[in-house]
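Single-letter residue listing:
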Amino acid sequence: AMGFGFIEVGTVTPKAQPGNPKPRMFRLPQAEALINRMGFNNEGLDAFIANVQRARRFRAEGGILGLNIGKNAATPIENATSDYLIGLAGVYPHADYVTVNISSPNTKNLRALQSDEALDGLLGALVERKAALAARLGRSVPMFLKIAPDLDEDQVRVIAATLKKHGMDGVIATNTTIGREAVQGLPHADEAGGLSGAPVLEPSNRVIRLLRAELGAGFPIIGVGGVLSGEDARSKIAAGADLVQLYTGLIYRGSGLVREAAQAL
């Protein structure tokens, strides 16, 4: 009813977990920003899938549903792949696309999975499992990787090469930032967690531009981060994104932002 064409839900982890201690979300209204350190709080994979199965109307009316998977906080980083494989197998039958979230700053060491060797191993295992699931279920579900805005050019270049190497279907740029330059001196600016909203617009667009240059035309990029106006949504497409997501914009602009962004595009 609000005008969304697709929704992505998660991040879900194999086992239920409470997330980080509260308080864990903070508004920085002067910067139209949020800082959160939620920590993948969720009721676990089984409850998540049950919720998805009950929520049929959106998809029945043509909506696209993405399901976003991550690792439990208690799982050692060296065993992270097993959590992602469990998540992939669980959500695969119910998703229009699957997002592999390795870029939240709120699960210890998670972003280390973006490094060369770790990413290569993780994506190799996931693509292999995806092929087995596709053969068994008779449907191929696109798989996207969600990355951070705090990456330098060389890191983005390596990630792009790894995405192509493993035949990944797309990439989501970006998650929240750990940078605080844009909010220095504001109340809550020193809280730990990921910063979202207006300050992440340009860092996200920078990564999108780098990705598009490396991936070439035709490789799907979902642009996300700092969309608070129709013009912001257009800037994502101009940077090279094919689709646009928003989250913090709903806090500061409300549901009218969805129509504004859709009309701007």
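To be clear, the structure that these remarks concern was listed above.
The following paragraphs examine the structure supplied in this document. Here the structure is a predicted model, which is why all the values come from computation and not from measurement.

**Structural notes on helix H7 (residues 230-239)**
Phase 1: When we look at burial in H7, the residues that qualify are Gly230, Asp232, Ala233, Ser235, Lys236 and Ala239.
Phase 2: Packed against the buried residues of H7 are helix H6 (201-215), strand E9 (221-224), strand E10 (243-245) and helix H9 (256-264).
Phase 3: Just downstream of H7, Gly240 is the residue with a positive phi angle, here 130 degrees.

**What about unusual backbone geometry?**
Excluding glycine, residues mostly carry a negative phi; peptide bonds, for their part, are mostly trans.
Phase 1: Here the residue pair Lys22 and Pro23 is connected by a cis peptide bond, since its omega of 0 degrees sits within 30 degrees of zero.
Phase 2: Locating Pro23 in the fold gives a position in the loop between strand E1 (6-12) and strand E2 (25-28).
Phase 3: A cis amide bond, omega 10 degrees, links Ala173 with the succeeding residue Thr174.
Phase 4: Along the chain, Thr174 falls in the loop between strand E7 (170-173) and strand E8 (194-197).
Phase 5: Non-glycine residue Phe40 carries a positive phi angle of around 55 degrees.
Phase 6: Note on placement: Phe40 falls in the loop between strand E3 (33-36) and helix H1 (45-54).
Phase 7: Classification of Phe40 as buried rests on a relative accessible area of 9%.
Phase 8: Positive phi outside glycine occurs at His188, with the angle close to 75 degrees.
Phase 9: The topology assignment puts His188 in the loop between E7 and E8.
Phase 10: Judged by relative accessible area, His188 falls into the partly exposed class, the value being 38%.

**Let's talk about the sheet that holds E7**
Phase 1: If you walk across this open sheet you meet the 7 strands as E1-E4-E5-E6-E7-E9-E10, and the pairing is parallel. Sheet topology places E1 and E10 at the edges, where each strand pairs with a single neighbour. Strand-to-strand, the axes of this sheet are offset by a mean angle of 25 degrees, without reference to chain direction.
Phase 2: Inspection of the sheet shows E9 paired to E10 by 3 bridges, in the parallel sense. When the bridges of E10 are listed, Gly223 appears paired with Val244.
Phase 3: Against the sheet, H1 engages E1 and strand E4 (64-69), with an angle of about 160 degrees to E1.
Phase 4: Packing against the sheet, helix H3 (residues 80-91) makes contact with E1, E4, strand E5 (97-101) and strand E6 (143-147), and its axis sits at approximately 155 degrees to E4.

**Section: the pattern of salt bridges**
Phase 1: Tallying each qualifying case throughout the model produces 13 salt bridges.
Phase 2: Residue Lys165 is joined to Asp120 by a salt bridge in which the shortest nitrogen-to-oxygen separation is 2.9 Å. Residue Lys165 is located in helix H5 (residues 153-165), and its partner Asp120 is located in helix H4 (residues 116-137); the two are separated by 45 residues in the primary sequence.
Phase 3: When its relative accessible area of 26% is taken as the criterion, Asp120 is described as partly exposed.
Phase 4: Arg253 is the partner of Glu260 in a salt bridge, and the nearest nitrogen-oxygen pair spans 2.7 Å.

**Description of the environment of Ala73**
Phase 1: With respect to the secondary-structure elements, Ala73 resides in the loop between E4 and H3.
Phase 2: Its relative accessible area of 54% is what places Ala73 among the exposed residues.
Phase 3: Residues Ala73 and Pro18, 55 residues apart in the sequence, show an inter-C-alpha distance of 9.9 Å.
Phase 4: The contacts of Ala73, once residues within four sequence positions are left out, are Gln17 and Thr107.

**Observations concerning the nonpolar core**
Phase 1: Counting residues in hydrophobic clusters, the biggest one holds 48 residues, and the most contacted among them are Tyr84, Val100, Leu126, Leu145, Ile147 and Leu211.
Phase 2: Here the element with the most residues in this core is H4; it accounts for 6 residues.
Phase 3: Apart from the residues lying within four places of it in its own chain, the contact partners of Leu145 are Val100, Ile102, Leu119, Leu123, Ile159, Leu163, Met168, Gly170, Val171 and Ile172.

Scoring rules and cut-offs
Counting of residues starts from 1 at the beginning of each chain's written sequence and follows it residue by residue. For this predicted model, a pLDDT threshold of at least 70 governs which residues receive local features, and a threshold of 80 or more governs which side-chain atom pairs are given and counted, while totals over whole chains, interfaces and linings are taken from all residues. Water and hydrogen atoms were dropped before computing side-chain values, which therefore reflect all heavy atoms in the structure. The cut-offs for exposure are 20% and 50% of the maximum accessible area for each residue type, with area from a 1.4 Å probe on protein chains only; residues under the lower value are buried, those over the upper are exposed, and the others partly exposed. Helix and strand definitions follow DSSP, with helices as H or I runs of at least four residues and strands as E runs of at least two, each counted in order from the N terminus. By definition in these notes, contact holds between two residues if any of their heavy atoms fall within 4.5 Å. The pairing criterion is simple: DSSP has to find at least two bridges between the two strands. Lines fitted to the C-alpha atoms define the axes, with helices restricted to the stretch that makes contact. Angles between their N-to-C directions range from 0 to 180 degrees. Any carboxyl oxygen of Asp or Glu that lies within 4 Å of a side-chain nitrogen of Lys or Arg is treated as forming a salt bridge with it. We define a nonpolar core as any set of buried Ala, Val, Leu, Ile, Met, Phe, Trp, Tyr and Cys residues linked to one another through side-chain atoms lying within 4.5 Å.

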